[in-house]
Amino acid sequence: MKVPLLKQIRHIFEAGAVWIAFIFFHYVLPFTTSVAFGGWIARSLGPYYHLSNRARRNLRKCFPEMSDAEVEKIVAEMWDNYGRLAAEYANADGFWDGKTLKNIEIRGIENLKKIQDDGKPGIIFTGHIGNWQMITLAAQSVGLDLTQMYRQANNPYVDYLMLRCQKLAVKNVITKKKSGPKDLLSLLKNGEHALLLVDQKMGEGIAVPFLGRKAMTAKGVARMYINQGCPLLPARAERLHDSQFRVTFYPPIDFKPRGDHTQDMYDLLLHINTMIGKWVMERPGQWLWIHRRWNDS
C-alpha cells in the first residue's frame, strides 16, 4: 500500500532525529558519558511526559499505601533506567565484543548450562526489568545464541536502525508480524533457544493475577511447556549502578501438570507472573510502569 506523502516526510524527519541521536550516543560520547547523559535526559523530562500519569496510576493501584513522594521517586528512577537503557541499546559493544564480557556479573550459570546442554529447545523468559538485553549478551558469552521476538517500528527508516541495534545483542531476530509466532515455533522445534519477554498485556491471553491485579497474560510459554515439554528458564537483569548489571539465571521451572489443561495453563502462568512480580517489587524503579499491563491502566 502506498504511503501518503505527508506521512513519508514525517517518517524522514523522525528517522533523521533518531539517526542523529544514535550517532551522538554511539560515536561521539564515550560509553559511560553516553549512558549517564541518556539517564539524565530521561529522568529530567520523562516525569512531565503524559505517559508518566499512567505509571503513577499503575503504582497507586498496585501499592495503595505508597506515598506521593515514593511514587514520584519510582517514576523518576523508571525514566532514568529507560534513558540509560536507550543509550546502552546503541552501545552493545560496551558489554560484549565477541570475546570479553564487561560490566555484567552472571549468577546461576549452572542453570543456563542445563538447558544449553540437554539437547532440547528451550525458552528463557524475563520481563522489562533493568536492561533485559544483558541476558542475551550473558548467554552469548558462554556460547549460547538466542532468538528474540522484535516488534517492528511503524517508521520503516527507524525500524532499519533499531533492527541493526537489536542484532548487536541478539544473533537471530524474529519480527512480531503474523508469521512471527510460527517462525519462532519452527525454530524451537529445530532445537533452538529463545528469549521471550512475558510481562506485557496480551488481548488473546487469559486473565491471571500480576502484582495483585488480574492481567491478560500470553499463553505461549505455558503452552510450549505443557504441550511440547519445552524447558522454561527464568532470568532477570538487574541494574546495580550506572551500567553495572547482574544477570541471574534461575533453576528451570519445575511444574507438574495435573491433567486439567485449562487449570494447568492458569497455574503455570500464575507461577510465572508471581515470580516476575516479585522481581518488580524488589526493584520497582527498573520496571516499565508505562505499559498498559492491566485493563484499567
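Just above, that's the structure.
Keep in mind that what you see is a predicted model, and the values were worked out from it rather than measured. (Residues numbered from 1 in each chain as written. Predicted model: local features only at pLDDT ≥ 70, side-chain atom pairs only at ≥ 80, totals over all residues. Heavy atoms only, no water.)

Enquirer: Is there a simple way to explain the sheet that holds strand β8 (residues 232-241) in this structure?
Expert: Hydrogen bonds between backbone atoms are what pair the strands of a sheet, whose relative direction is either parallel or antiparallel. Spatially, β1-β9-β8-β2-β5-β3-β4 is the arrangement adopted by the 7 strands of the open sheet, whose pairing is mixed. Here the strands that pair on one side only, and so sit at the sheet edges, are β1 (104-107) and β4 (172-175). Sheet twist, expressed as the mean angle between neighbouring strand axes with direction ignored, is 25°. Alignment of β8 against strand β9 (residues 244-249), held across 6 bridges, turns out to be antiparallel. Looking across to β9, one finds that Arg239 is bridged to Phe245. Packed on one face of the sheet, helix α5 (residues 109-116) meets β1, β2 (122-126), β5 (193-197), β8 and β9 and runs near 145° to β8. Helix-sheet contacts for helix α8 (residues 180-189) involve β2, β3 (147-150), β4 and β5, and the interaxial angle to β4 is about 145°. (Pairing = 2+ DSSP bridges. Helix = DSSP H or I, 4+ residues; strand = E, 2+ residues; numbered from the N terminus. Axes fitted to C-alpha atoms, helices over the stretch in contact; angles between N-to-C directions. Contact = heavy atoms within 4.5 Å.)

Enquirer: Would you mind showing me how to read the pairing of β5 here?
Expert: Within a regular beta strand, the side chains point alternately toward one face of the sheet and then the other, so they alternate between its two faces. With 5 of its 5 residues buried, β5 lies for the most part within the structure. A two-sided burial pattern is seen for β5, the buried positions comprising His193, Leu195 and Leu197 on one face and Ala194 and Leu196 on the other. Sheet topology note: the β2/β5 ladder contains 5 bridges and is parallel. Across the sheet, residue Thr126 finds its bridge partner in β5, namely Leu197. Where β3 meets β5, 2 bridges bridge the pair, whose relative direction is parallel. Paired with Gln148 across the strands is Leu195, a residue of β5. (Buried < 20%, exposed > 50% of the residue type's maximum accessible area, 1.4 Å probe, protein only.)

Enquirer: Is there a simple way to think about the pattern of salt bridges in this case?
Expert: A side chain with one charge may pair with a side chain of the opposite charge, provided their charged atoms come close. The full count for this structure, using the stated rule, is 17 salt bridges. Between Arg56 and Glu72 there is a salt bridge; the shortest N-O distance is 2.7 Å. Here the residue Arg56 occupies a position in helix α3 (residues 51-62), and Glu72 occupies one in helix α4 (residues 68-89), the gap between them amounting to 16 residues. Measuring nitrogen to oxygen at the nearest pair gives 3.8 Å for the salt bridge that ties Arg236 to Glu238. Looking at Arg236, the relative accessible area reads 7%, which means it is buried. A single salt-bridge network, built from bridges that share partners, covers Glu105, Arg107, Arg236, Glu238, Arg246, Glu282 and Arg283. (Salt bridge = Lys/Arg side-chain N within 4 Å of Asp/Glu carboxyl O.)

Enquirer: Would you mind showing me how to read the nonpolar core here?
Expert: Soluble, globular proteins show a tendency: their nonpolar side chains are buried together. Counting residues in each nonpolar core, the largest one holds 49 residues, and the members touching the most others are Leu232, Ile276 and Trp289. Contributing elements (two or more residues each) for this core: α3, α4, β2, α8, β5, β6 (206-210), α9 (220-228) and α10 (261-282). In terms of residues, this core owes the most to one element, α10, which gives 7 residues. Setting aside residues up to four positions removed in sequence, Trp289 forms contacts with Arg54, Ala55, Asn58, Leu59, Cys62, Phe63, Ile74, Met78, Leu211, Val280, Pro284 and Trp294. Formed by 30 residues, the second largest nonpolar core is a distinct cluster that contains Tyr89, Ala139, Cys165 and Ala235. (Core = buried A, V, L, I, M, F, W, Y, C linked by side-chain atoms within 4.5 Å.)

Enquirer: What is the right way to look at the packing of aromatic side chains in this model?
Expert: A ring pair, where both rings are aromatic, is described by two values, the distance of the centres and the angle of the planes. Applying the stated criterion across every chain, the model contains 18 aromatic pairs. Consider the rings of Tyr225 and Phe255, whose centres lie 6.5 Å apart with planes at 65°: the pair is edge-to-face. Here Tyr225 is found in helix α9, whereas its partner Phe255 is found in the loop between β9 and α10, with 30 residues between them in sequence. Grouping residues by exposure puts Tyr225 and Phe255 together as buried. Note that Arg213 overlies the ring of Trp294, its terminal NZ or CZ placed 4.2 Å from the centroid. (Phe/Tyr/Trp six-rings, centres within 6.5 Å; stacked < 30°, edge-to-face > 60°. Lys NZ or Arg CZ within 6 Å of the ring centre and 35° of its normal.)

Enquirer: What exactly am I supposed to notice about unusual backbone geometry here?
Expert: Glycine aside, the phi torsion of most residues is negative, and most peptide linkages are trans. Look at Asn103: it is not a glycine, yet its phi comes out positive at around 70°. Of note, Asp242 is a non-glycine position whose phi angle comes to about 50°, a positive value. Relative to the assigned elements, Asp242 resides in the loop between β8 and β9.

Enquirer: Please clarify how the pairing of strand β7 (residues 213-217) should be interpreted in this entry.
Expert: Among the 5 residues of β7, 4 are classified as buried, and the element is accordingly described as predominantly covered. Where β6 meets β7, 5 bridges bridge the pair, whose relative direction is antiparallel. Counted as the bridge partner of Ile206 is Thr217 from β7. With antiparallel pairing between neighbouring strands as the criterion, β6 and β7 make up a hairpin whose turn holds 2 residues, including Leu211 at a positive phi of roughly 55°.

Enquirer: Would you mind showing me how to read empty space enclosed by the protein here?
Expert: Which parts of space are left empty comes out when a probe the size of a water molecule is rolled across the atoms. Going through the model one piece at a time under the given rule, you end up with 1 cavity of 30 Å³ or more. When its volume is computed, the largest cavity comes out at roughly 60 Å³. Residue lining of the largest cavity: Glu88, Tyr89, Ala92, Asn131, Gln133, Met134, Leu137, Cys165, Gln166 and Ala169, and that is the complete set. Residue composition of the lining of the largest cavity, by class: 6 nonpolar, 3 polar and 1 charged. (1 Å grid on protein atoms, 1.4 Å probe; cavity = no way out; pocket = protein on both sides within 12 Å on 5 of 7 lines; lining within 4 Å. Points joined across faces, edges and corners; volume = space filled by probe spheres on them. Nonpolar A, V, L, I, M, F, W, Y, C, P; charged D, E, K, R; others polar.)

Enquirer: Can you walk me through the layout of surface pockets in this structure?
Expert: What the second largest pocket holds in volume is close to 180 Å³. Counting only elements with at least two residues in the lining of the second largest pocket, the list comes to α4 and β8. Here the lining of the second largest pocket is built from residues that sort into 2 nonpolar, 4 polar and 6 charged.

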